[in-house]
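Coordinates in review
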Amino acid sequence: MYNNSMRAVKIAGSAAILSMTCLFIASCSSKKEKDPGEVIVHNLSDPDMLNPINYQSADAGYILSHMYIGLLGIDFRTLQLVPILAESRPVIEKTPEGGMKITYRIRDEATWDDGSPITAKDVEFTLKVIKCPKVDNQNNKPYYEFIRKMLFYEDPKDTRKFTFLCKDVYILAEISSGDLSVLQRKIYDPKNLLGDFSIEQLTDSASQITENPKITEFAKDFNSEKYQREKGFIAGAGAYEFVEWQTGQKIVIKRKDKWWGDNVKNNRNIYFENHAPKLIYQTINDQTTALVALKAGNIDVMHGIKSKDFVELDKSEKFKTNFNPYSPPMLAYSYLGINTRLPKFSDKKVRQALAHLVDVDKIIQKIQYGLAVRTVGPILPSDKKEYNTDLSPYTFDTELAKKLLTEAGWKDSNGDGVLDKMIDGKLENFTIDFSYNAGNDERKAVILMFQEEARKVGIQVNVMAQEWSKYLDNQKNHKFEMFYGSWIHSPSPSDHKQIFHTESYNGGSNYVGFGNPSSDALIDSIRVELDEERRAAMNKRFQAMLYEEVPYIFMTCPKEKIAIHKRFTNAEVYEMRPGYWESGFKASEKY
Amino acid sequence: MLKYILKRVLIFVPTLFAISLLTFIISLNAPGDPVDMMLNQSNSGQGQSAQKLATEKAYISLKHKLGLDLPIFYFSFSNASLPDTMYRIVKAQHRYALERMCDEYGNWESISAYYLTVRNLDMSLYSVPKDSSIALDLQRSKDFAASLLETYDQLKTNVILSNLEYIFSNTPAFASLNVYLQAARSSYEEIQKNKSSYRKYIPRLQFYGFNNQYHNWIVNFIHGDFGISYQDKRPVASVIWDAVRWTMLISSLSILLSYIVSIPVGVKSAVKKGTRSDRVTTTGLFMLYSMPPFWIATMLIMFFCGGDYFDWFPAFGLGTLPDDAPLMQRLTDTSYHLILPLFCWTYTSFAFLSRQMRGGVLNVIGQDYIRTARAKGVPEKQVVWRHAFRNSLLPIITMFANIFPLVISGSFIIEWIFSIPGMGKITLEALIARNYPIVFTEMMFAAILTLIGTLVADILYAAVDPRISFSGKSV
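Numbering of residues begins from 1 in every chain and follows the order in which that chain's sequence is written. Chain labels run from A onward and ligand labels from 1 onward, assigned in the order the entries are written. Whole-chain, interface and lining totals are the exception, using all residues; otherwise, since this is a predicted model, local features are given only for residues with pLDDT of at least 70 and side-chain atom pairs are given and counted only at 80 or more. Only heavy atoms go into the side-chain values, all of them from the structure, while hydrogens and water stay out.

Observations concerning the packing of aromatic side chains
Only centres within 6.5 Å qualify two rings of Phe, Tyr or Trp (six-membered ring in Trp) as a pair; their planes then separate them into stacked at under 30 degrees, edge-to-face at over 60, and tilted for everything else. Throughout the structure, instances matching the rule amount to 64 aromatic pairs over all chains. For the ring pair tyrosine 552 of chain A and phenylalanine 554 of chain A, a centre distance of 5.5 Å and an interplane angle of 55° mean the geometry is tilted. Considered together, tyrosine 552 of chain A and phenylalanine 554 of chain A belong to a single accessibility category, that of buried residues. Look at phenylalanine 313 of chain B and tyrosine 336 of chain B: their rings are 6.5 Å apart centre to centre, the planes differ by 35°, and that puts the pair in the tilted class. Of this pair, phenylalanine 313 of chain B sits in the loop between α12 (293–304) and α13 (327–365) while tyrosine 336 of chain B sits in helix α13, and the two are 23 residues apart along the sequence. Each residue is placed in one exposure class: buried if its accessible area under a 1.4 Å probe, protein chains only, is under 20% of its type's maximum, exposed if it is over 50%, and partly exposed if it falls in between. Every helix listed is a DSSP run of H or I at least four residues long, and every strand listed is a run of E at least two residues long, numbered separately from the N terminus.

Brief notes about the sheet that holds strand β17 (residues 431–437) of chain A
All names here are of chain A. Two strands are counted as paired when DSSP detects at least two bridges linking them. Here we have 5 strands laid out as an open sheet, ordered β18-β17-β19-β13-β20, and mixed in their pairing. This sheet does not close on itself; its edge strands, each paired only once, are β18 (460–466) and β20 (552–554). Going from strand to strand, the sheet's axes swing by 30° on average, the running direction of each strand aside. Every axis in this analysis is a line fitted to C-alpha atoms, fitted for helices over the stretch in contact. Angles between the N-to-C directions lie between 0 and 180 degrees.

Regarding the packing of helix α1 (residues 2–29) of chain B against helix α9 (residues 213–222) of chain B
Residues and elements named next belong to chain B. The interhelical angle for the contact between α1 and α9, taken along N-to-C directions, is 130°, at an axis separation of 12 Å. Judged on the interaxial angle alone, α9 and α1 are oblique. Along this stretch, α1 crosses α9, giving a crossing that reads as right-handed. Two secondary-structure elements touch here, α1 through Phe17, Ser20, Leu21, Phe24 and Leu28 and α9 through Gln213, Tyr214, Trp217 and Ile218. Under the convention adopted here, Pro, Cys and the residues Ala, Val, Leu, Ile, Met, Phe, Trp and Tyr are nonpolar, Asp, Glu, Lys and Arg are charged, and Gly plus all remaining residues are polar. Split into classes, the residues belonging to the contact of α1 with α9 amount to 7 nonpolar, 2 polar and no charged. Here is the rule for angles: anything less than 35 degrees is roughly parallel, anything more than 145 is roughly antiparallel, 65 through 115 is roughly perpendicular, and the remaining ranges are oblique. Left-handed describes a crossing whose near helix is turned anticlockwise from the far helix by less than a right angle; the clockwise case is right-handed. What makes two residues a contact is simply this: any of their non-hydrogen atoms within 4.5 Å.

A look at the domain arrangement of chain A
All names here are of chain A. The source of the domain bounds is an automatic or database domain assignment. Looking at the assigned domains, one finds that chain A contains domain 1 (35–47 + 238–328 + 561–584), domain 2 (68–229) and domain 3 (332–558). The C-alpha-based centres of domain 1 and domain 2 are spaced at 30 Å. At the junction of the two partners, domain 1 supplies 25 residues and domain 2 supplies 22 residues. For this analysis, a salt bridge means a side-chain nitrogen from Lys or Arg found within 4 Å of a carboxyl oxygen belonging to Asp or Glu. Scanning the region where domain 1 abuts domain 2 turns up 3 salt bridges. With a closest N to O distance of 3.2 Å, glutamate 572 and arginine 77 form a salt bridge. Counted as a polar contact is a pair of N or O atoms within 3.5 Å, where, for protein atoms, one must be capable of donating a hydrogen and the other of accepting one, and residues adjacent in sequence contribute only when both atoms are in side chains. The interface formed by domain 1 and domain 2 contains 9 residue pairs in polar contact (both at pLDDT 80 or more).

Topic: unusual backbone geometry
All names here are of chain A. Each neighbour pair has its own omega, and for aspartate 155 with proline 156 the value is 0°, a cis peptide bond. The topology assignment puts proline 156 in the loop between β6 (147–154) and β7 (157–166). Geometrically, the link from arginine 577 to proline 578 is a cis peptide bond, its omega value of 0° lying close to zero. The backbone phi angle of tyrosine 369 is positive, close to 55°, even though this residue is not glycine. Relative to the helices and strands, tyrosine 369 resides in the loop between α14 (360–367) and β14 (372–374). Tyrosine 369 sits in the partly exposed class, given a relative accessible area of 35%. A positive phi angle, near 50°, is found at valine 550, a position not held by glycine. Tracing the sequence through the fold places valine 550 in the loop between α20 (532–549) and β20. For valine 550, a relative accessible area of 2% gives the class buried.

A word on the domain arrangement of chain B
It is common to report an interface's size as the accessible area lost on association of the parts. As assigned here, chain B comprises domain 1 (36–222) and domain 2 (236–464). The C-alpha-based centres of domain 1 of chain B and domain 2 of chain B are spaced at 54 Å.

Remarks on the nonpolar core
Each nonpolar core is a collection of buried residues, namely Ala, Val, Leu, Ile, Met, Phe, Trp, Tyr and Cys, held together in the definition by side-chain atoms within 4.5 Å. Among the nonpolar cores identified, the biggest contains 91 residues, and Met67, Leu71, Phe164 and Trp260 of chain A are the most heavily contacted of them. Element by element, the count of residues in this core is highest for helix α3 (residues 120–131) of chain A, at 6 residues. Two domains each donate at least three residues to this core, and these are domain 1 (35–47 + 238–328 + 561–584) and domain 2 (68–229) of chain A. Dropping the residues within four chain positions of it, tryptophan 260 of chain A is found in contact with Ile69, Ile84, Leu85, Arg107, Glu109, Ala110, Thr111, Ile118, Ala237 and Phe272 of chain A. Val236, Val378, Ile396 and Ile397 of chain B belong to the second-largest nonpolar core, a separate cluster that totals 62 residues.

Remarks on the sheet that holds strand β5 (residues 100–105) of chain A
All names here are of chain A. Reading across from one edge, β4-β5-β7-β6 is the order of the 4 strands in this open sheet, with antiparallel pairing throughout. With partners counted over all chains shown, the strands left at the sheet margins are β4 (91–94) and β6, one partner each. This sheet shows a mean twist of 20° between the axes of neighbouring strands, independent of strand direction. Two strands pair when backbone bridges link them, and β5 and β7 are joined in this way by 6 bridges, in the antiparallel orientation. Each residue of the ladder has a partner; that of isoleucine 102, found in β7, is phenylalanine 164.

Comments concerning the pairing of strand β8 (residues 240–246) of chain A
A regular strand places its side chains so that they alternate between the two faces of the sheet. All names here are of chain A. Among the 7 residues that make up β8, 5 are buried, leaving the element largely enclosed by the rest of the structure. Here β8 runs beside strand β9 (residues 250–255); their pairing, made up of 6 bridges, is antiparallel. Paired with glutamine 246 across the two strands is lysine 250, which belongs to β9. Linking β8 to β9, which pair antiparallel, is a turn of 3 residues; within it glycine 248 sits at a positive phi near 75°.

Quick word on the pattern of salt bridges
All names here are of chain A. Under the defined criterion, the tally for this structure stands at 45 salt bridges over all chains. Residue glutamate 154 is joined to lysine 157 by a salt bridge in which the shortest nitrogen-to-oxygen separation is 3.3 Å. Exposure remark for lysine 157: the relative accessible area of 60% places this residue in the exposed category. Notably, a salt bridge pairs glutamate 452 with arginine 455, separated by 2.8 Å at the nearest N-O pair. In this pair, glutamate 452 and arginine 455 both sit in helix α16 (residues 441–457), 3 residues apart, roughly one turn of the helix. Three or more residues are tied together by salt bridges with common partners; here these are Glu87, Arg105, Asp108, Asp158 and Arg160.

Printed below as a string of structure tokens:
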């Protein structure tokens, strides 16, 4: 017995040692060669799915953009719309009924992988999928509600030409209509279940056909896991095809041997530059780990590097020999939101005073490591056409803030060091509950700085960290006094309705309660103004309005922090997310 | 013994039921609405005039699709003023206001009539054609109507109603809507008139039958259908299976390793108590124990994974070979990737386990029968491993009970830092996103495994220590 248990322990012990040794030996043998042309891109987490209609995460969108293409795309270099599947940008006419007609023609070269041509019918099928009730794209459906009908061309017959009939005039109609990732019916609806329904039916009487068994069967299949992540069910007209997805680890897509886009002669643009034979999206959750992996040569492209790490990359020899850092400005801005409908903030002088208490330049220097640009409004300084350069940002000026507060009636009447004012018959101290999402240290630092400056003029700021979903909930229900937020833009024309229109107070994103009839009218007219010059002038007026009213204290437009391996000598970075076009990278022989 | 095991297994059923109920109730009361979360992952800016209707429609249809519009449980226990159909009001704020009104006035019939009139009023405002001359009034009215739906205070309601009446009387464009406003006003007065607040003192038990959220969930669970993950819309079983494979692999290896190392170390240091080697191992193990794994993990990665220092180990993941690579090659590749995470996962348990072992042996080794054995001339090794070791295993077995849930729960920190797609990561992400199907399923499995663990530990007690017996008579 003793011998047995003793031996068991000994055997187990040596087994453990042996297995560790094995692991070490293994470690020496598993370095392998890779094709220098391959690009390995870092992602912080897996995308939610690779279904081009139902996906929600931004990372999914970037990956899908190499496998699926739409009629139009936004050129990374110019931020202008350029044709991909379409021959050229569409012809847009206003109709007498107050709507629009958008006419496209698909390129003659365009074919699916099996050689069949891409036609107007494919676009129609895609639109039907988007509009199909029960398909899990509730967020996406409203973008296409404006298209009521499609017209085809029988005489003379042209299967590649079609027209969208829209009910309203809207500045985002062109980009929305051109943005849909065209799907092949053979793959997504092999039984032709949607064949019986028309676009008009799906638009106007969606609620009546919801329970139709064909709709139910199609939606169930389309929403299922196989169309999210299985080979054979992920295929589009783009230059790359799906290879594999190892959950939580990586997604691999590879260049098609024969892609129709290579034969295109006219109107080529960045979407036709696809040199990398393989693109690998490597998921590494932790930033620090990812940086080490970058230096070790396990990844070639990393974006979203933290500012602090980014400025310290200079110290690493390994990084400097192999990588180039880039910091293009991003299409986003951060702001401090003020609940303008609270009595204490209803006077715009108070809000202006608060704006004078934020030392934005110091924040950029000390907290954001210089990796941000100041902005005066929701339109970013990089948008040369529409950014209002006549407005100079609010200066950091405690004296001026004090003066404005006094004018607004805030005085320290009881001598307790905090400003007060009679509101609704009660003497109220000037306190501000300032919330941010817990765990965001940069925001916390900014608010602490503000707290200190506010204290000097007699405002007491309570810093409140809130769990993310509660933080969002409170904004939506207007249960906040001030909060630190940010918005991400797309390169499309600015529509301010969602954020600044009074109609968006209940249910929209006008959390701060900004707005008056004239701002609403301006927002509404910007939405339908198709002339770019006139729209720019109106946008400038809108910025001046926000500047005066200060519903937000506009802070900064951050810079993206990107590292790209030096062997890709033609790499460029752009403002548009994700900031690079990795499939266009060419590896030079030298590395 | 068999009878005992059977009895224990039977007790599992009510225990699991209680746990499932508790999980369910707690999660439903947590702040945050999963439907809101799903709809707002990306906020579209496209709403046209029908925007309000559309988003409410999307909310209701999604809620219906997920079955979240059903009553929560088989029955509810409340007072007689509350209607049995309150769960049908989907918006939480509206429901809260109505409940408060029921508490105050007790006459649900009039209250619901009032609610409907206010909703009609709210909707009717959205049909008014937009025109800059009335824009401000329209907007104010909309805000008032919306806040009316969330107000239960009498004074506030009256103020809002009179404000609306003031606006309506001064705006000819709203003339056609006056009927809605009057209806709201008169139905509100109706509530005051028919006040029957005594009803809230009458308790009432309300039965909902089998079509409720809890029933649907538990029945599906028993049938092995765990639902669809809210975040990525994949079946929960598939999500969990993808993750649990890795977690099980790593945690079983880690448990094995920690026992293999800790037991001999613990026994050794007990036997050599007070010597220099005992002190050195104790100090060493406690130093390891006190270093947080997230820090060690980051340090190891920074120094040994090809950053600016040594390139000995991979920094992340589980190996990059495709599924069709030879098994042996995949095995070595995976093990190579596992070395660092496994170490970080395991080292803290060395100190704890070996201290437990050491304590157990020390307890036993001073006892009479050990002295007797020594006096008989039994060799020291045999004394330790045969006589002392077996009897000192009890504390280790107690801890063994926790191993089962540990095997699937994973470690969020280690998984996060080394990018291992395991259970810890999934659990935390699901909790943050209010992804109930995943949270429920994991809780249930953890509960089942804990129960099994304690049962196994009890059986092991009997196996190790003859003095412990479950058959009722002494051996």
